[in-house]
Amino acid sequence: MSSNPSASKEYNHKEIEGPVYQKWLDSGVFHHEPDDRGPEHRYCIMIPLPNVTGALHLGHALNHTCQDVMTRWNRMKGKTTLWMPGTDHAGIATQSVVERRLFELENKTRHDLGRAGLVERIWKWKDQYENRILSQMKLIGNSCDWDRTRFTLDEVCSRAVRHTFFAMFRDDLIYRGRRLVNWDTELQTAVADDEVYHETLKSHLWHIRYPLSDGSGHLVVATTRPETMLGDTAVAVHPEDERYKHLIGKTVDLPLTGRQIPVIGDPILVKQEFGSGCVKVTPGHDPNDYECGLRNNLEQINIMTPNGCVNENGGEYAGLVFDEARERVVKNLEALGLIESIEDYEHEVGHSDRSKSAIEPYLSEQWFARMGDVEGGVRCKGGTVVPGLAQAAIDTVKDGRIQFFPSRYANQYLDWLSEKRDWCISRQLWWGHRIPVWYCDGDVDEKVLQEAFKDRDDVVYKRDEWSGQWMFCIREGELPADSVPGQTLRQEEDVLDTWFSSALWPHSTLGWPDETADLKYFYPGSVLITTRDIITLWVARMVLTGLYNIGDIPFHHVYVHPKILDGEGQTMSKSKGNGADPAEIAEQYGADAMRFSIAYMTTESQDIRMPMAYACPHCGHLIPQMEKHRKLTRLACDKCKKEFQPSNPMVDVTGDLPLGIVSSEKFEVGWRLCNKLWQVSNGVVFRALADGEKGEAKPITSDDLNLGDRWILSRLHYCIENVNASLSVYRYAESTSYLYRFFWNEFCDWYVEMAKPQLRAEGERPRITRQILAYCLDSILRLLHPFIPFITEELWAHLNELAPQRGLENIAAQDGLLVSASWPEVDASLRDESLEADMEALQEITRAIRDVRAQVNAVRARAQESIMRSLPSVVVRAKQHVCDLVVKNKDMCMVLGPCDAIDAQSDAARPEASAARVIDGSTELYVPVGNLIDLDSEKKRLEGEVKKTEGFIKGTEAKLANEKFVSRAPDHVVQNERDKLEDLKQQREKLLQSIEELG
């Protein structure tokens, strides 16, 4: 920073942010080691690890801002902090991206490369995008402990995965079974329920006749997927339906297959009032039918290949893609006269969040983790026995060990866990943690196995209940193929669900299963800050694995922040072309401006709508982003008329035009705050301090302080108190509102303006004022630092140069970095609500003077006369206490108004030809304006004020006339309304009196 405070009048983030961040890195301030202090002195956040599929987006910027604010706040409060950074290998997402790129660029599939070749390609992708992600994190100011950066496939995390799988396999909490799963036919892997989104598609509803085998008639079933009838194993009716109950136990001929299937009664699957009352049952291709099949012991027939074609169980339709099979099945049914009717129909179809292809329910052999209660319970680390993993996680929230903020999100967590559905943990991929289980295809006597693995507690073997094969699991390392005499072992091909390794993140990153110093000190963490989309996928699973592996919860709080949506309310994404790279926002506005704006918008109640625009690279003009823009390779600025390339990952960049980045005016609030802080610090405070002597600070007593000093100190400590309270419950918008209001409205607009003439006074007053300015700016920089760390760090360095010793009663030397400075403490002795009320009365009078002056100047401007800098005189008529305040502090009112003279009396007469302002029910202000304003216009204005006041009176009277309000509201609330009504009535009378006097 230049030693000349006025060297740069406007804040330029590009000159500051990079050097400041490097200063933090060089200092090592982000890295803390465990110490011997108690739990109340430590703070730990585990980052929701970004996927290495690409760059960060604005949703990450919001999430990381919330975490960094809490980390910096607690670091300044003197706590030993850890914000653990890292990335996720994101099995399905990353492999699908690399496979798609491989096919687009080289026309190859993974099978052309082989498993080792594809994994090698993915590792290269991971290295490239992980570096980009970590760079983005640093760009936006993340104060992570980079020395501890982890990756879910690194050696430390992989070891934790192996130990967890081994223990759960040993304890019969992991098993292999044949279940109906969500199947992605493009990626050919199972996906979780939470990784499926639904789209409403137009289709048809086919009503098909199923002939009764005895020739007595037929049943009509309706389906949106006639091709799945090839796997039907029953027709279900309601057992109490008079139309069909006599048919239960009979059979129907399943068309096109030559099979006969039973008619069954099932009151759960069938609703009498819907459709024909008959339902086809396909246990192998519908989740509801699957449950029905289990209840009624029906055969499960799979008619699909992994790539979405009909298999050999489909007879003549084998080899056809399902859509092709549908056309031929319908055509053949029509030829047989078995289609009763076809109607247009819309229904929701599940799609894979990764490949975007339609999901197929599919019978598949998979690995599962048991979530429900088990006989004898589950023994967790430390010896605690719980009924089951899901119930253990439920209990942590019900008994208050884990709290959700906002509390409503606890219901989403509890509702999902209460289903206690077993977790499908296997994926048919090549990228990820390969399941550490080996199979023995031949039959082996158990005595042979006992001999082969005697004295080894790192190997567990058991028979697979499904196939009868022997399965072997080793805790670490590889199991040699010849480990069993006479047999050749082969390893499971599948990998673990990404969320399995992510579920271990809070303790795997700290070195578990070893009892490291980090694990003992930083576990459990303080808070998890995340989005609602992964409460079930990740939050719940971290809790249950933490309880199982460690015997303790992974964090005490879960804060669920809102999502950033585009202007139409859609979730932002790169694939839609409606998102934004936080690096682009930081380039245009600065990381500080982006962070503050995001925090300012982060409320508890709703998502953040962020209308986006392209910033013209030629002139900076913002052009609202529209759907049609996302398909264009050229766009003309409607201001400078020059063309540019819209930033869109889905459109190839032409290369002959500059790129217009995606931006939003929503970030203006943060930029304005940063610029105001820069200008006030450099243009006022630092200039004032430069005029003083270094080391001039002396203890200040209350006798040294004037009204303005005492007021700003009272408001400062009110701000500190409320920022602390807001941050403690993760109310970011509320905390930034307190900071914005104090800095801009109270410090800049009022105290700085009051200070300017005092800095030119004689005696000790300039020194005292400089000391108060330095003290306030010191506190402002500390308070704002968690939100806007770069600019505050830079200004802190210059404040240390100009005023190395700061304080009021206790003068302390300040040096070092702001990032590690102490957080301001509330001084209750400086709070004075009575004094604040007095100051508020004077501010209202000052605002009224400014209002009249603005009106006079507007008239003069229309008349093309010179603008009036100050009013000649002002008369105040008020209660005696207010009059005494005005007289005692008239210099302040005259400066801030401004006006040349001010007089206040409880019985003051209204001057002739004066403008009036009624401030409240008991205070009036008169300004003799002569012919400077149109008195008729003034009269109309006052009449408008009367009308508005009467509206308030009517609303308040209606509220007080409501018996429910009066009887149910607290007494003080009702009394406040009554007092407000009386004040409004007095205000109306004063306004009417002013109109009469004006006339």
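Conventions used here
Residues numbered from 1 in each chain as written. Predicted model: local features only at pLDDT ≥ 70, side-chain atom pairs only at ≥ 80, totals over all residues. Heavy atoms only, no water. Helix = DSSP H or I, 4+ residues; strand = E, 2+ residues; numbered from the N terminus. Buried < 20%, exposed > 50% of the residue type's maximum accessible area, 1.4 Å probe, protein only. Areas by Shrake-Rupley, 256 points an atom, 1.4 Å probe, with all protein chains shown as cover. Pairing = 2+ DSSP bridges. Axes fitted to C-alpha atoms, helices over the stretch in contact; angles between N-to-C directions. Salt bridge = Lys/Arg side-chain N within 4 Å of Asp/Glu carboxyl O. Core = buried A, V, L, I, M, F, W, Y, C linked by side-chain atoms within 4.5 Å. Contact = heavy atoms within 4.5 Å. Patch = residues over 30% accessible without salt bridge, like charges linked within 9 Å, V, L, I, M, F, W, Y side chains within 5 Å. Lys, Arg positive; Asp, Glu negative; His and termini not counted. Charge placed at Lys NZ, Arg CZ, Asp CG, Glu CD. Bend = angle between axes of the 7 residues up to and from the residue. 1 Å grid on protein atoms, 1.4 Å probe; cavity = no way out; pocket = protein on both sides within 12 Å on 5 of 7 lines; lining within 4 Å. Points joined across faces, edges and corners; volume = space filled by probe spheres on them. Nonpolar A, V, L, I, M, F, W, Y, C, P; charged D, E, K, R; others polar. pLDDT = per-residue confidence, 0-100. Polar contact = N/O pair within 3.5 Å; in protein donor to acceptor, adjacent residues only side chain to side chain. Parallel < 35°, antiparallel > 145°, perpendicular 65-115°, else oblique. Left-handed = near helix turned anticlockwise from the far one by under 90°. Phe/Tyr/Trp six-rings, centres within 6.5 Å; stacked < 30°, edge-to-face > 60°. Disulfide = S-S within 2.5 Å.

1. What to know about the overall build of the chain
Argument step 1. Within the chain, the regular secondary structure consists of 27 helices and 39 strands.
Argument step 2. Seen through its C-alpha atoms, the chain measures out along the principal axes to roughly 110 × 65 × 65 Å.
Argument step 3. By the burial criterion, 55% of the 999 residues in the chain qualify as buried.
Argument step 4. Split by element, the accessible area of the chain, about 43500 Å² in all, is 47% carbon and sulfur.

2. Points about the sheet that holds strand β13 (residues 339–352)
Argument step 1. One open sheet holds the three strands; their spatial order is β8-β7-β13, and the pairing between them is antiparallel. Each having just a single partner strand, β8 (218–223) and β13 make up the two edges of the open sheet. Taken pair by pair, the neighbouring strands of this sheet meet at an average axis angle of 20°, ignoring direction.
Argument step 2. Pairing analysis gives six bridges linking strand β7 (residues 196–211) to β8, with the strands arranged antiparallel. Its bridge partner being in β8, Ile208 is matched across the sheet by Val221.

3. Quick word on the pairing of strand β10 (residues 251–254)
Argument step 1. Across four bridges, the pairing between β10 and strand β11 (residues 259–265) is antiparallel. Considered in β11, the bridge of Val252 is made with Ile261.
Argument step 2. The turn linking β10 back onto β11 is made up of four residues, and Leu256 within it adopts a positive phi angle of 70°.

4. Remarks on the pattern of salt bridges
Should their charged atoms come close, side chains of opposite charge can pair.
Argument step 1. Scanning all chains against the criterion turns up 64 salt bridges.
Argument step 2. In this structure, the salt-bridge partner of Arg401 is Asp399, at a minimum N-O distance of 2.9 Å.
Argument step 3. Here the salt bridges do not stand alone but share partners, grouping Arg715, Glu746, Arg831, Glu833 and Glu836 into one network.

5. Some points on the nonpolar core
Argument step 1. Phe165, Phe404, Tyr413, Tyr732 and Phe747 are the most contacted members of the largest nonpolar core, which has 222 residues in total.
Argument step 2. Ranked by residues supplied to this core, first place goes to helix α19 (residues 732–758) with 14 residues.
Argument step 3. Look past the residues within four positions of Phe404 in its chain and what remains in contact with it is Val397, Tyr409, Ala410, Tyr413, Ile535, Val539, Val558 and Val560.
Argument step 4. With 37 residues, the next largest nonpolar core counts Leu247, Leu320, Val330 and Cys424 among its residues.

6. So, a negative patch on the surface
Argument step 1. Together, Asp920, Asp979, Glu982 and Asp983 make up a negatively charged patch on the protein surface.
Argument step 2. Residue position: Glu982 is located in helix α27 (residues 971–998).
Argument step 3. Relative accessible area serves as the criterion here: at 44%, Glu982 is assigned to the partly exposed category.

7. Quick look at α19
Argument step 1. For α19, the principal kink sits at Phe747 and spans about 45°.
Argument step 2. The buried fraction of α19 amounts to 19 of the 27 residues, a majority that puts the element mostly inside the structure.

8. Quick notes on the sheet that holds strand β32 (residues 643–646)
Argument step 1. Spatial strand order, β30-β29-β33-β32-β31: five strands in an open sheet with mixed pairing. Unpaired on one side and paired on the other, β30 (622–624) and β31 (635–636) mark the two borders of the sheet.
Argument step 2. Inspection of the sheet shows strand β29 (residues 613–615) paired to β30 by three bridges, in the antiparallel sense. Within β30, the position partnered with Tyr614 by the bridge is Ile623.

9. Remarks on empty space enclosed by the protein
Argument step 1. One pass over the structure, following the stated rule, counts five cavities of 30 Å³ or more.
Argument step 2. Taken together, 15 residues form the lining of the largest cavity, with Leu689, Glu696, Ala697, Ala803 and Gln805 sitting closest to its centre.
Argument step 3. Going through the elements one at a time, α20 (765–784) and β34 (805–806) are the ones with two or more residues in the lining of the largest cavity.
Argument step 4. Its residues assigned to classes, the lining of the largest cavity shows five nonpolar, four polar and six charged.

10. Some thoughts on the confidence of the model for the chain
Should pLDDT be low for a region, the predicted coordinates there are not to be read in detail.
Argument step 1. Mean pLDDT for the chain: 91, with 96% of residues reaching 70 or above.
Argument step 2. Looking across the chain, the model is least confident in strand β33 (residues 659–663), with a mean pLDDT of 79, and most confident in helix α12 (residues 505–508), with 98.
Argument step 3. Here residues 1–7 scores under 50 on pLDDT; set against residues more than four positions off or in separate chains, the count is 13 contacts.

11. Notes on the side chain of Ser502
Argument step 1. On the secondary structure map, Ser502 appears in helix α11 (residues 498–502).
Argument step 2. Among the polar contacts made by the side chain of Ser502, one reaches the side chain of Asp88 at a distance of 2.8 Å.
Argument step 3. The contacts of Ser502, once residues within four sequence positions are left out, are Leu49, Asp88, Trp538 and Met542.

12. Quick notes on the packing of helix α18 (residues 707–728) against α20
Argument step 1. In the contact formed by α18 and α20, the axes pass within 11 Å of each other and the chain directions differ by 10°. Of the possible angle classes, the one that applies to α18 and α20 is roughly parallel. Facing Asp709, Ile712, Leu713, Leu716, His717, Cys719 and Ile720 of α18, the residues of α20 in contact are Arg765, Ile768, Ile772, Tyr775, Cys776, Ser779 and Leu783.
Argument step 2. The residue makeup of the contact of α18 with α20, split by class, is 10 nonpolar, two polar and two charged.

13. Topic: the packing of helix α2 (residues 58–76) against α18
Argument step 1. Their axes nearest at 11 Å, the elements α2 and α18 cross at an angle of 125°. When the axes of α2 and α18 are compared, the pair comes out oblique. Regarding α2 and α18, the two cross each other, and that crossing is left-handed. Each of Val69, Met70 and Trp73 in α2 lies in contact with α18, whose residues at this interface are Asn724, Leu727 and Ser728.
Argument step 2. Considered class by class, the residues forming the contact of α2 with α18 number four nonpolar, two polar and no charged.

14. Things to note about the pairing of strand β5 (residues 174–184)
A regular strand places its side chains on the two faces of the sheet in alternate fashion.
Argument step 1. Of all 11 residues in β5, nine are buried; the element is thus mostly enclosed.
Argument step 2. Bridge count between β5 and strand β14 (residues 359–369): 11 bridges; the pairing is antiparallel. Residue pairing across strands places Val181 opposite Tyr362, the latter belonging to β14.
Argument step 3. Alignment of β5 against strand β6 (residues 189–191), held across three bridges, turns out to be antiparallel. Note that in β6 the partner of Asn182 across the bridge is Val191.
Argument step 4. Here β5 folds back onto β6 in antiparallel fashion, the turn holding four residues, of which Gln188 has a positive phi close to 55°.

15. Considerations on the environment of Met839
Argument step 1. Within the secondary structure layout, Met839 lies in helix α22 (residues 833–862).
Argument step 2. Overall, Met839 belongs to the buried group, its relative accessible area being 0%.
Argument step 3. Distance in space between the C-alpha atoms of Met839 and Trp711 is 7.0 Å, their sequence separation being 128 residues.
Argument step 4. In this structure, Met839 is in contact with Leu707, Trp711, Met754 and Met892, ignoring residues within four places of it in sequence.

16. Digging into unusual backbone geometry
Argument step 1. Tyr523 connects to Pro524 through a cis peptide bond whose omega is 0°.
Argument step 2. Here Pro524 shows up in the loop between α13 (517–522) and β25 (525–531).
Argument step 3. Cis geometry marks the peptide bond from Gly897 to Pro898; its omega dihedral reads -10°.
Argument step 4. For Pro898, the position within the fold is in the loop between α24 (890–896) and β37 (902–905).
Argument step 5. You will see that Ala90, though not glycine, has its phi angle at about 50°, which is positive.
Argument step 6. With respect to the secondary-structure elements, Ala90 resides in the loop between β3 (86–87) and α3 (91–106).

17. A closer look at the packing of aromatic side chains
Argument step 1. Summed over the entire model, instances satisfying the criterion amount to 35 aromatic pairs.
Argument step 2. Centre to centre, the rings of Tyr21 and Phe30 are 5.9 Å apart; their planes meet at 55°, and the pair counts as tilted. Phe30 matches Tyr21 in its accessibility class, with the two residues each being buried.
Argument step 3. With a centroid separation of 6.3 Å and an interplanar angle of 40°, the aromatic rings of Tyr21 and Phe790 are classed as tilted.

18. Description of the environment of Tyr730
Argument step 1. Relative to the helices and strands, Tyr730 resides in the loop between α18 and α19.
Argument step 2. Sequence spacing of Tyr730 and Cys66 is 664 residues, and the spatial spacing of their C-alpha atoms is 8.3 Å.
Argument step 3. Residues in contact with Tyr730, not counting those within four places in the same chain, are Met70, Phe405, Val527, His557 and Tyr559.
Argument step 4. Side chain to side chain, Tyr730 and His557 meet in a polar contact 2.8 Å long.

19. Quick word on the state of the cysteines
Argument step 1. The full count for this structure, using the stated rule, is zero disulfides.
Argument step 2. Of all cysteine sulfurs in the structure, the one in Cys44 sits closest to Cys144, which takes part in no disulfide; the separation is 11 Å.

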